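Secondary and tertiary structure notes
For reference, the chains in residue letters:
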Amino acid sequence: MLACPCCALPYDARNADALYRETITRAKILSYADDFWLPLAAYCSMLLLIAFTRRVRSHQGERARRGAEEGEAGGRDPGRPAPAD
């Protein structure tokens, strides 16, 4: 029986099988983690984008609509041309 140079345990087929199984198990775990790093990065960047987006105020739109119904000039967008009467 051959002795493993790194330790005092004998090197036989059972030890080789156990080492192979453990290596395959760890490789599967690492490959699973590698498959999901891109979706994780996309999800985290989406959270950052959401955090830094500007909030739209809905009461400004309601006020503009109300002003347009009442015929106020302040209800229109000043950048738009006046309607042709």
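Keep in mind it's a predicted model, so treat the numbers as computed, not measured.

1. Notes on the pattern of salt bridges
Once the charged atoms of two side chains with opposite charge are near each other, the side chains can pair. A complete count under the given rule lists one salt bridge for this structure. Two residues, Glu 22 and Arg 26, come together in a salt bridge whose shortest N-O distance is 2.9 Å. Residue Glu 22 and its partner Arg 26 are located together in helix α1 (residues 13-35), separated by four residues, close to a single helical turn. Judged by its relative accessible area of 38%, Glu 22 is partly exposed. Look at Arg 26 and you get exposed, because its relative accessible area is 54%.

2. Notes on the packing of aromatic side chains
The relative placement of two aromatic rings is captured by the distance of their centres and the angle of their planes. Taken as a whole and assessed by the stated rule, the structure comprises one aromatic pair. Summarising the aromatic geometry, the rings of Tyr 32 and Phe 36 are spaced 5.0 Å apart at their centres and angled 55° between planes, so their arrangement reads as tilted. Its relative accessible area of 44% is what places Phe 36 among the partly exposed residues.

About the cut-offs
Residues numbered from 1 in each chain as written. Predicted model: local features only at pLDDT ≥ 70, side-chain atom pairs only at ≥ 80, totals over all residues. Heavy atoms only, no water. Salt bridge = Lys/Arg side-chain N within 4 Å of Asp/Glu carboxyl O. Helix = DSSP H or I, 4+ residues; strand = E, 2+ residues; numbered from the N terminus. Buried < 20%, exposed > 50% of the residue type's maximum accessible area, 1.4 Å probe, protein only. Phe/Tyr/Trp six-rings, centres within 6.5 Å; stacked < 30°, edge-to-face > 60°.

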